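Chains, contacts and geometry: an overview
The lines below spell out each chain.
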Amino acid sequence: MNDTSIGTVFLENVLGNVKNACELANIPVEIYEFLKRPKRIIIVSIPLRARDGSLKNFIGYRVQHSDALGPYKGGIRYYPTVDLDEVTALAMLMTYKCAALSLPFGGAKGGVACDPRKLSLEDLERITRRYTYMISSVIGPYVDIPAPDVYTDARVMAWIMDTYSQLVGRQVPEVVTGKPVYLGGCEGREEATGYGTFITVREACKLLGIPLKGARVAIQGFGNVGRHAALHLSSFGAKVVAVSDSKGAIYRKEGLNVEKLIEHKKATGEVRGFQDSTPIDGDELLGLEVDVLIPAALEGVINKEVAERVRAKIVAEGANGPTTIEGNKVLQEKGVFIVPDILANAGGVTTSYLEWIQNLQREHWPREKVLSTLEEKMVKAFNDAVETHRRIEAGMRDAVMVLAVSRVALAIQTLGIWP
Ligand code: GLU
């Protein structure tokens, strides 16, 4: 593992934010030291016999950070640069995300270093099933419940469910969330993260007196989170003026037609070339003069240099960890209102919780019930964060972290250490 990997910097950022929060909330240093390390790390080797007969090897991780507030919970990411530090940072964020939303879960994350864009469906299934087999003894409906993340989807979750179920000899839908709706999945789960981001943007606009109708929005990343946030924002009259994906970015002053853009991306595999739009540089998108900027791709994009160029009034973090500590400092000094990741993208895991309880009770809720329950929980968490932000006179990132870390610390202090 490379010491200066993006994952290492990301982990330092997350730990820095947790440390700040512990200091602000007067949480004993020994609790911070305790939370600095995950409770369990699993690293597995995943062999794959390629079509040409050669043997390939992939490396997979499952990091279980804390189960003080409930079973471990968190997604599985397939991405070429996945490493232990990145997965650890993401597992920690899950602990605090679940705590910020008052969900009865701890935090975990998984990952396989591979590029699903270059793998056949068959190989993707084999990697998934072997990875699940290798971690099967440490996951389970009351132990650790995986879910989708970057480049994993409902189909991958179905394979995980099936592999685990075959191993234990009965159907266990509640071992994983984010499944296809017809296999025990939850209505609205796919759009849930983006919908949650939309709700936090709506609440932030309300708070700052920015009318949502006509608000200008730029979105970095047009995957599951960016796409659904864009859809909901535009359906409420916001103007999505710029969007990017890994191949490029586009701009349209009057706002892009999001529904048509989704069709265009489906057909061509990229946002570039969309009707009436101007191609722009992906980096330029982050510095556009807009009301709302939504980084919804990967970690570490808003560093000090980028933050200096940000001209948005609100930054809502659809991605996990998109802003570095230095970037955050600059944004705060500039008076940008930040909706931090563990709040802005918590719609996914909150709906995972709803899926899990439906599975446990063998129930199936209609989409309206799911989305209204999600909205209620997101608005409550947002208001709790704003209340803390005012009470402790700190930025929103510190405020949400203070709330979350305090809940985890209280659980740890109450439970004590055994054996
Ligand atoms: N991967 C998502 C996240 O980062 C969802 C996790 C979950 O549903 O467990 O929050």
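Read on for a plain summary of the structure.

**Section: the overall build of the protein chain**
If you tally the helices and strands in the protein chain, you get 15 helices and 12 strands. With the C-alpha coordinates aligned to their principal axes, the bounding extent of the protein chain is approximately 55 × 55 × 45 Å. In the protein chain, which comprises 419 residues, the share counted as buried stands at 61%. Partitioning the contacts of the protein chain with sequence separation of at least 6, the portion at a separation of at least 24 is 68%. Here the protein chain displays about 17,500 Å² of accessible surface, and carbon together with sulfur accounts for 52% of that area. In the protein chain, the 50 positive side-chain charges and the 50 negative ones have mean positions that sit 2 Å from each other.

**Describing unusual backbone geometry**
What you tend to see is this: most non-glycine residues have negative phi, and most peptide bonds are trans. Here W418 and P419 are connected by a cis peptide whose omega angle stands at -5°. As for its position among the elements, P419 is in the segment after α15 (396-415). Not every positive phi belongs to a glycine, and N26 is a case in point at roughly 55°. With respect to the secondary-structure elements, N26 resides in the loop between α1 (6-24) and α2 (29-35). We note that E393 has phi near 50°; this positive angle belongs to a residue other than glycine. If you trace the backbone, E393 turns up in the loop between α14 (367-391) and α15.

**Quick word on the pairing of strand β7 (residues 239-245)**
Within β7, six of the seven residues are buried, leaving the element largely enclosed by the surrounding structure. Of the crossover connections in this fold, the one passing from strand β6 (residues 216-220) over helix α7 (residues 224-235) to the parallel β7 is right-handed. Relative to strand β8 (residues 248-251), β7 runs antiparallel, the two sharing four bridges. Its bridge partner lying in β8, A242 is registered against Y251. Taken together, β7 and the strand that follows it, β8, pair antiparallel across an intervening segment of two residues.

**Some thoughts on the site of the ligand**
Among the 14 residues in the neighbourhood of the ligand, the closest are listed as K73, K97, P148, D149 and S352. Take K109: an N or O atom from its side chain is 3.0 Å from an oxygen atom of the ligand. The separation between an oxygen atom of the ligand and a polar side-chain atom of S352 is 2.5 Å. When residues of the shell around the ligand are traced back to their parent elements, those giving at least two are β3 (72-78), α3 (84-100), β5 (144-148) and α13 (347-360). Partitioning the shell around the ligand into residue classes produces four nonpolar, five polar and five charged.

**Regarding the packing of aromatic side chains**
Applying the stated criterion across every chain yields a total of eight aromatic pairs. Relative to Y151, the ring of Y79 lies with its centre 6.0 Å away and its plane at 5°, an arrangement referred to as stacked. In this pair, Y79 is assigned in the loop between β3 and α3 and Y151 in the loop between β5 and α5 (154-168), connecting sequence segments 72 residues apart. Judged by its relative accessible area of 17%, Y79 is buried. Between Y353 and W356, the aromatic rings sit 6.5 Å apart at their centres with planes inclined by 40°, giving tilted as the arrangement. Of this pair, Y353 and W356 both sit in helix α13, three residues apart, which is roughly one turn of the helix. The same class applies to Y353 and to W356, which are both buried.

**Thoughts on the pairing of β8**
What you see with β8 is no split at all: G248 and I250 on one side and A249 and Y251 on the other are buried throughout. One ladder, built from three bridges, connects β8 with strand β9 (residues 278-280); its direction is antiparallel. Within β9, the residue paired with A249 across the bridge is I280.

**Quick look at helix α11 (residues 325-333)**
Along an α-helix, residues three or four apart share an orientation, since each turn contains 3.6 residues. Here α11 has its buried residues at G327, N328, V330 and L331. Down the axis of α11, the buried side of the element spans an arc of 165°, and every buried residue falls inside it. Exposed and oriented more than 90 degrees from the buried face of α11 are K329 and E333. Where α11 is buried, its residues contact α10 (304-309), β11 (314-316), β12 (337-339) and α15. Positive backbone phi, at 80°, marks G335, one or two positions downstream of α11.

Conventions and cut-offs
Residues numbered from 1 in each chain as written. Predicted model: local features only at pLDDT ≥ 70, side-chain atom pairs only at ≥ 80, totals over all residues. Heavy atoms only, no water. Helix = DSSP H or I, 4+ residues; strand = E, 2+ residues; numbered from the N terminus. Buried < 20%, exposed > 50% of the residue type's maximum accessible area, 1.4 Å probe, protein only. Contact = heavy atoms within 4.5 Å. Areas by Shrake-Rupley, 256 points an atom, 1.4 Å probe, with all protein chains shown as cover. Lys, Arg positive; Asp, Glu negative; His and termini not counted. Charge placed at Lys NZ, Arg CZ, Asp CG, Glu CD. Right-handed = clockwise from strand over helix to strand, strands pointing away. Pairing = 2+ DSSP bridges. Near = heavy atom within 4 Å. Polar contact = N/O pair within 3.5 Å; in protein donor to acceptor, adjacent residues only side chain to side chain. Nonpolar A, V, L, I, M, F, W, Y, C, P; charged D, E, K, R; others polar. Phe/Tyr/Trp six-rings, centres within 6.5 Å; stacked < 30°, edge-to-face > 60°. Arc of directions from axis to C-beta.

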